[in-house]
Amino acid sequence: MYRSHNCGELRMEHVGQVITLAGWVAKRRDFGAMTFVDLRDRYGITQLSFNEAYNQDLLNMARGLGREFVIQITGTVTERSNKNPKIPTGDVEIIVESMNILNTSLTPPFTIEEETDGGDDIRMQYRYLDLRRDNVRQNLILRHQVAKHVRQYLDHLNFIEVETPVLIKSTPEGARDFVVPSRMNPGQFYALPQSPQTFKQLLMVSGFDRYYQIVKCFRDEDLRADRQPEFTQIDCEMSFVEQEDILNLYEGMIQHLFKEVKGVDIGTLPRMTFDEAMANYGNDKPDIRFEMTFKYLTDLVKGKGFPVFDAAECVLAICADNCASYTRKQLDELTEWVKRPQIGAKGLVYVFCNADGTYKSSVDKFYSQEDLKAWAEKCGAKAGDLLLLLSGNTAQVRKQMSELRLEMGQRLGYRDKSVFKALWVIDFPLLEQDEESGRWHAMHHPFTSPKPEDMDKLETDPGAIRANAYDMVINGVEVGGGSIRIHDKVLQGKMFKVLGFSEDEARYQFGFLMNAFEYGAPPHGGIAFGFDRLCSLFGGADGIRDFIAFPKNNQGRDMMIDAPSNLDQKQLDELSIGLKS
RNA sequence: GGUGUGGUAGUUCAGCUGGUUAGAAUACUGCCCUGUCACGGCAGGGGUCGCGGGUUCGAAUCCCGUCCACACCGCCA
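Residues numbered from 1 in each chain as written. Chains lettered and ligands numbered in written order. Predicted model: local features only at pLDDT ≥ 70, side-chain atom pairs only at ≥ 80, totals over all residues. Heavy atoms only, no water.

Draft legend 1. Seen up close, unusual backbone geometry. A cis amide bond links Ala563 with the next residue in sequence, Pro564, at an omega value of 0°. In this fold, Pro564 is placed in the loop between helix H16 (531-538) and helix H17 (569-574). One non-glycine residue, Asn475, adopts positive backbone phi at about 50°. Mapped onto the elements of the fold, Asn475 is located in the loop between strand E20 (469-474) and strand E21 (477-484). Judged by relative accessible area, which is 6%, Asn475 ranks as buried. In the Ramachandran plot, Ser576 falls in the positive-phi region, its phi being about 60° despite a non-glycine side chain. Positionally, Ser576 belongs in the segment after H17. (Helix = DSSP H or I, 4+ residues; strand = E, 2+ residues; numbered from the N terminus. Buried < 20%, exposed > 50% of the residue type's maximum accessible area, 1.4 Å probe, protein only.)

Given below as structure tokens:
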């Protein structure tokens, strides 16, 4: 036994006990005749005390300890004369009676403290040291808690966790696949799953009724702060259920998680149709921690001689509370912000709702006080508010205004990370049209069932068909999405046809699923949650990297092990692979 | 594929209207210090200013190219 206790558990009640601890030297405070050492392990920090009055040899040894040396000590728990209220073990210290240096350490390249001096680059390169930091470790503990409570909730509801294969078949739909060459089948490749979608549907055909899996998924697309090439999903599927059953069950799951992990009651999740979300928030994952919803001024602004608005398909406004005090400089800066290429607005029109009831706008040349008053009323603006208007093509202006709304929400402090607002977005369109090719593709995936009442539009107006598809959105983050699936072979065939698959292509790629559907496929549906995102949301972070033990960087590289890497010629030959020079 | 920001000591950064020997903080090393917990004091070592080219009497600083990191857009069924 290397230790009798850990570095986070000793308290006043242990005073007098002789204990043994093992851990890392976090810090040494040397006073010559006495030295304090902060000993760290996973559980906390305990102060060790060395004093020439007790033992000169041990003191000398302690003064030679470097940061991150691994030591084992035995000593007596003693009440401190000067207590430290900042740490849980701050009432006691250990008068060390023997010490064993288990290992030395090089000086770490950055400080291993909550507020480290290390940047992302160096932290990732030495991730094993970064993980010694309390806050990163807490993130992984949080991740464990979330996983544990997911399993707990689903286990109690008769779900079975089934593993599905990682070496599967590439499909051209959706994201790019990571591929793995097959040595035994020269010239052929496995693909890593983007999700276990088809397998979980096959499990439903097999009668597994209620399935889940906390599972790695792989997508070979560009990374973001909240996107990694390998990420984890809570993947779920159920048989003999309707959309309503699924929404209720997983609403229960998210409530359970918030209660158990955060001690928060998030209440009932409101439901919003996709159309409502787009109209009021310009976004299919609205952040409903604050209002500032879109107001349509198109009819009010036309015909007054302002050419920009007269030519616009859509004129949108949002009302920023108490922002009439904005300076010209601030508005100019905001105008530049919406004109950035990433947003792409042509300009920004603003209206001050002054305290005295008058209005001052950037388009006073064209609009009277009465006009501006009508706008303000339409927007529900009060004195002291600021209206921000954008105009243009409906889809574009909604997107731009959505960005502006989120930015203003951020600036006004409405996007508080300790507040959680969840909702369901439902009735997604089944299909989306590719702007360039004009081809239809599935908005969710090709196995999503259309709403029965929209089925007749399959040939006439595919874009208007709504799907039995739903997303769970929390604080503007899409944390999960799913659908009721097609379980009928004929309908699935029709879908493939609409999506531009020939019969041969459909059979080649999804024949196994079509075949399975010939043998009594039950009605089924499911959902998948982005586990990493859920954890980062719980942790109040924007990115998911610090909730993953060993993440990849922006270029998809693992900076610690330096992957990906080259293969030598022998390996390539064995795989029958030739590289382009 | 695109846009932006950055790359200077182990680390985080300042310096950038060109001009002696490139600074600070922190970390590190040594000495002093008996109650610290962001200990304190004194001293010290530490630099290919990402890399390549150009302009110039002179470049960390200006220009071009390139690599790397981060954020975003496209992309992510």
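There's more to say after this.
Draft legend 2. Quick peek at the packing of aromatic side chains. Summed over the entire model, instances satisfying the criterion amount to 22 aromatic pairs. Consider the rings of Phe306 and Phe309, whose centres lie 4.8 Å apart with planes at 75°: the pair is edge-to-face. Taken individually, Phe306 and Phe309 each receive the classification buried, so the pair is uniform in this respect. Pairwise contacts between aromatic rings join Phe306, Phe309, Phe366, Tyr367 and Trp375 into one cluster. Taking NZ or CZ as reference, Lys169 lies 5.2 Å from the ring centre of Tyr508, over its face. Above the face of the Phe290 ring, Arg405 is positioned so that its terminal group lies 4.0 Å from the ring centre. (Phe/Tyr/Trp six-rings, centres within 6.5 Å; stacked < 30°, edge-to-face > 60°. Lys NZ or Arg CZ within 6 Å of the ring centre and 35° of its normal.)

Draft legend 3. Looking closely at the domain arrangement of chain A. For chain A, the assigned domains read domain 1 (12-103) and domain 2 (290-411). One C-alpha centre belongs to domain 1, the other to domain 2, and the line joining them spans 62 Å. (Domains from an automatic or database assignment.)

Draft legend 4. Spotlight on the protein's contact with RNA strand B. Inspection of the region around RNA strand B gives 49 residues, with Asp30, Asn82, Asp117, Gly174 and His444 positioned closest. Each atom of RNA strand B within 4 Å of the protein was assigned to sugar, phosphate or base; sugar and phosphate come to 49%. With respect to RNA strand B, the backbone of Phe31 contributes an N or O atom lying 3.2 Å from a phosphate oxygen. Of all the elements in the fold, those that place two or more residues in the surface near RNA strand B are strand E1 (18-30), strand E2 (34-41), strand E3 (44-51) and strand E19 (440-442). Of all the elements, E1 adds the most residues to the surface near RNA strand B, at three residues. Looking at the surface near RNA strand B, its residues break down into 11 nonpolar, 19 polar and 19 charged. (Near = heavy atom within 4 Å. Polar contact = N/O pair within 3.5 Å; in protein donor to acceptor, adjacent residues only side chain to side chain. Nonpolar A, V, L, I, M, F, W, Y, C, P; charged D, E, K, R; others polar.)

Draft legend 5. Structural context of the sheet that holds strand E4 (residues 70-79). A barrel is described by the order of its strands in space; here five strands give the closed sequence E1-E2-E3-E5-E4, paired in mixed fashion. Across the sheet, the mean angle from the axis of one strand to that of its neighbour is 55°, orientation sign disregarded. Examined bridge by bridge, E2 and E3 share eight bridges and lie antiparallel to one another. Across the sheet, Val37 pairs through a bridge with Leu48, a residue of E3. Along the sheet, helix H1 (residues 56-63) contacts E1, E2, E3 and strand E5 (92-103); its crossing angle with E5, the most-contacted strand, is approximately 65°. (Pairing = 2+ DSSP bridges. Axes fitted to C-alpha atoms, helices over the stretch in contact; angles between N-to-C directions. Contact = heavy atoms within 4.5 Å.)

Draft legend 6. View of the state of the cysteines. Evaluated as defined, the whole model comprises zero disulfides. Free of any disulfide, Cys353 has its nearest cysteine sulfur in Cys319, 6.3 Å distant. Counting only cysteine sulfurs, Cys319 is the nearest neighbor of Cys379, a cysteine outside any disulfide, at a range of 6.5 Å. Its relative accessible area of 7% is what places Cys379 among the buried residues. (Disulfide = S-S within 2.5 Å.)

Draft legend 7. Seen up close, the pairing of E20. For E20, a buried count of six out of six residues is recorded, marking the element as mostly surrounded by other parts of the structure. Of the two faces of E20, the one carrying Ala469, Asp471 and Val473 and the one carrying Tyr470, Met472 and Ile474 are both buried. Here strand E17 (residues 422-426) runs beside E20; their pairing, made up of five bridges, is antiparallel. Looking at the pairing, Trp424 lines up with Met472 of E20. One ladder, built from six bridges, connects E20 with E21; its direction is antiparallel. By the bridge assignment, Tyr470 is partnered in E21 with Gly482.

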